[in-house]
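# Breakdown of the fold
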Amino acid sequence: MKQRIVTGIVAGIGFFIMLYLGGYWFAGLLLILSMIGYDEFLRMNGLKGNKAIVIIGYLGVFCLTLQWQHTGVTLSQLVWLFMFLFMAATVISKNKTTIDQIAMAFIGMVYIGFGFHYMIATRDLTENGLYWTLLVFLCIWSTDSGAYFVGSKFGKTPLWPAISPKKSVEGAIGGVVISILVALIFASFQPELLDYARAAWIGLMIAVVGQMGDLMQSAYKRVKGIKDTGAILPGHGGVLDRTDSWLIVFPFLHLLSWIPHV
């Protein structure tokens, strides 16, 4: 527990500094995290030994994470391009690189690349990027904390025992309530940016979708028979263990236009 706390404090301070600085600082940090996360994904699926997948996959994550609107290249165009490259690899390798392998690598590329891209896009908003980014992150973290503490004290009803035996319905509800409260606090500070009704909906969606992202990662790790995706963060596991909710929440909010795009 001591190691977990120390790691959390040090990593948290560094993350908040980069988030505050924004620009290339924050984008650079998230690019590094995306690459480490994709490395974890490839290792979990036994794909690190395939050079074609490694090269195409890393390049794809790089391009998706750092895609900028002013380049004129859209995310959908990048996704199609890398789908083509992955499928071409099966032909060039005479099926030594299989369709099953590229399908898994492609899913990981989109999952991780899109997730980190929309974190950067949120911070990089023309105005108030820091406000919206903090709102999303603090709602995600408050959901996790609320679910843990409420579940520890009042949890009796299993939420999804086949996937994550320790999670409870009571904890999940507690996470939702805390997330909504945090969003309402943000609305109270800058009502011209966020009214209370919209804040409540955003807090609700972040909590629900974030917990679903957590369960998705739990389900995947259970299939693979592993506890953590990596060990880069002592006491916390890997990058994907810490960012499972982030990778789902940020794209979800953008794609449904619940936070500004410009």
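These lines cover the structure that appears in this document, whether it is placed above or below. Every chain's residues receive numbers from 1 upward, in the order its sequence appears when written. Restriction of local features to residues with pLDDT of at least 70 applies here, the model being predicted, together with a cutoff of 80 or more for giving and counting side-chain atom pairs; totals for whole chains, interfaces and linings are based on all residues. Excluding hydrogens and water, the side-chain values take into account all heavy atoms of the structure.

Bringing the overall build of the chain into the picture now. Strands here mean DSSP runs of E at least two residues long; helices mean DSSP runs of H or I at least four residues long; both are numbered from the N terminus. If you tally the helices and strands in the chain, you get nine helices and two strands. For 262 residues, the compact-globule formula gives about 18 Å, and the C-alpha radius of gyration of the chain, at 19 Å, lands near that figure. Think of it in three bands: residues with accessible area under 20% of the maximum for their type are buried, residues over 50% are exposed, and the middle band is partly exposed, with areas taken using a 1.4 Å probe on protein chains only. Here the chain holds 262 residues, and 45% of them are scored as buried. Contact criterion: two residues are considered in contact whenever any of their non-hydrogen atoms come within 4.5 Å of each other. Nonlocal contacts in the chain, meaning residues at least 24 apart in sequence, comprise 69% of its contacts between residues at least 6 apart. Only the protein chains shown count as covering a residue, and every accessible area follows the Shrake-Rupley method with a 1.4 Å probe. Of the roughly 13,600 Å² that the chain leaves accessible, carbon and sulfur atoms contribute 70%. Both definitions apply: the radius of gyration is a C-alpha atom measure, and the globule rule equals 2.2 Å times residues to the power 0.38.

Given 3.6 residues per helical turn, the α-helix brings residues three or four places apart onto the same face. Helix length check: helix H4 (residues 75–92), at 18 residues, gives a terminal C-alpha distance of 26 Å against a target of 26 Å (1.5 Å per residue), a fit within 8%. Every buried residue belonging to H4 is among Leu-75, Leu-78, Val-79, Phe-82, Phe-86, Ala-89 and Thr-90, and all of these are buried. End-on view of H4: buried residues confined to an arc of 125 degrees, all on one side of the axis. H4 presents Ser-76, Trp-80, Val-91 and Ile-92 as exposed residues on the side facing more than 90 degrees away from its buried surface. Looking at the buried residues of H4, the elements they touch are helix H2 (23–44), helix H3 (51–65) and helix H5 (99–123). By this rule, a helix spans an expected 1.5 Å times one less than how many residues it contains. To be clear, the arc concerns the directions from the helix axis to the C-beta atoms.

Here we take up the environment of Tyr-196. Mapping Tyr-196 onto the fold places it in helix H8 (residues 196–224). Counting along the chain gives 150 residues from Tyr-196 to Gly-46, while the straight-line C-alpha distance between them is 47 Å. Not counting residues within four places of it along the chain, the set of residues in contact with Tyr-196 comprises Leu-184, Ala-187 and Ser-188.

On to the packing of aromatic side chains, then. Two aromatic rings, drawn from Phe, Tyr or Trp (for Trp, its six-membered ring), form a pair once their centres lie within 6.5 Å of each other, and the interplanar angle then sorts them: stacked below 30 degrees, edge-to-face above 60, tilted otherwise. This structure, assessed with the given rule, holds 19 aromatic pairs. For the pair Phe-15 and Trp-141, a centre-to-centre distance of 6.1 Å together with 75 degrees between the ring planes defines the contact as edge-to-face. Of this pair, Phe-15 sits in helix H1 (residues 2–21) while Trp-141 sits in helix H6 (residues 129–154), and the two are 126 residues apart along the sequence. Under the relative-accessibility criterion, Trp-141 is labelled partly exposed at 25%. With centroids separated by 6.3 Å and ring planes inclined at 5 degrees, the aromatic side chains of Tyr-38 and Phe-41 adopt a geometry described as stacked. On the criterion of helical spacing, the pair formed by Tyr-38 and Phe-41 is a turn pair, its members being three residues apart in helix H2. Of the aromatic side chains, those joined through ring pairs into one cluster are Phe-15, Phe-16, Phe-26, Phe-137, Trp-141, Trp-246 and Phe-250.

By the element assignment, Leu-59 lies in helix H3. Classification of Leu-59 by relative accessible area gives partly exposed; the value is 44%. Between the C-alpha atoms of Leu-59 and Phe-82, which are 23 residues apart in sequence, the distance is 8.8 Å.

On to the side chain of Asp-214. Here Asp-214 lies in helix H8. Whenever two N or O atoms come within 3.5 Å, that pair is a polar contact, provided that in protein one can donate a hydrogen and the other can accept it, and provided that, for residues adjacent in sequence, both atoms are side-chain atoms. There is a polar contact of 3.4 Å between the side chain of Asp-214 and the side chain of Lys-167.

All right, on to the packing of H6 against helix H9 (residues 239–255) then. Each pair of packed helices can be described by the angle between their axes along with the distance between the axes. Taken N-terminus to C-terminus, the directions of H6 and H9 make an angle of 135 degrees; their axes are 11 Å apart at the nearest point. Considered as vectors, H6 and H9 are oriented oblique to each other. Seen from above, H6 lies across H9 with right-handed handedness. Across the interface between the two elements, Thr-133, Val-136, Phe-137, Ile-140, Trp-141 and Asp-144 of H6 pack against Ser-245, Trp-246, Val-249, Phe-250 and Leu-253 of H9. Class assignment for the residues of the contact of H6 with H9 results in eight nonpolar, two polar and one charged. Fitted lines through C-alpha atoms serve as axes, helices being fitted only where they are in contact, and the angles separating the N-to-C directions of these axes extend from 0 to 180 degrees. Small angles under 35 degrees read as roughly parallel and large ones over 145 as roughly antiparallel, with 65 to 115 read as roughly perpendicular and the rest as oblique. The hand of a helix crossing depends on one turn: near helix anticlockwise from the far one by less than a right angle means left-handed, and clockwise means right-handed. In the scheme used here, Gly and all other residues not listed as nonpolar or charged are polar, with Ala, Val, Leu, Ile, Met, Phe, Trp, Tyr, Cys and Pro taken as nonpolar and Asp, Glu, Lys and Arg as charged.

The next subject is the packing of H2 against H5. At a closest axis distance of 10 Å, the pairing of H2 and H5 adopts a crossing angle of 165 degrees. One way to sum up the angle between H2 and H5 is to call them roughly antiparallel. When the axes of H2 and H5 are compared, the crossing they make is right-handed. Packed against H2, whose contacting residues are Phe-26, Ala-27, Leu-30, Leu-33, Ser-34, Gly-37, Tyr-38 and Phe-41, the element H5 presents Met-104, Ala-105, Gly-108, Met-109, Ile-112, Phe-116, Met-119, Ile-120 and Arg-123 at the interface.

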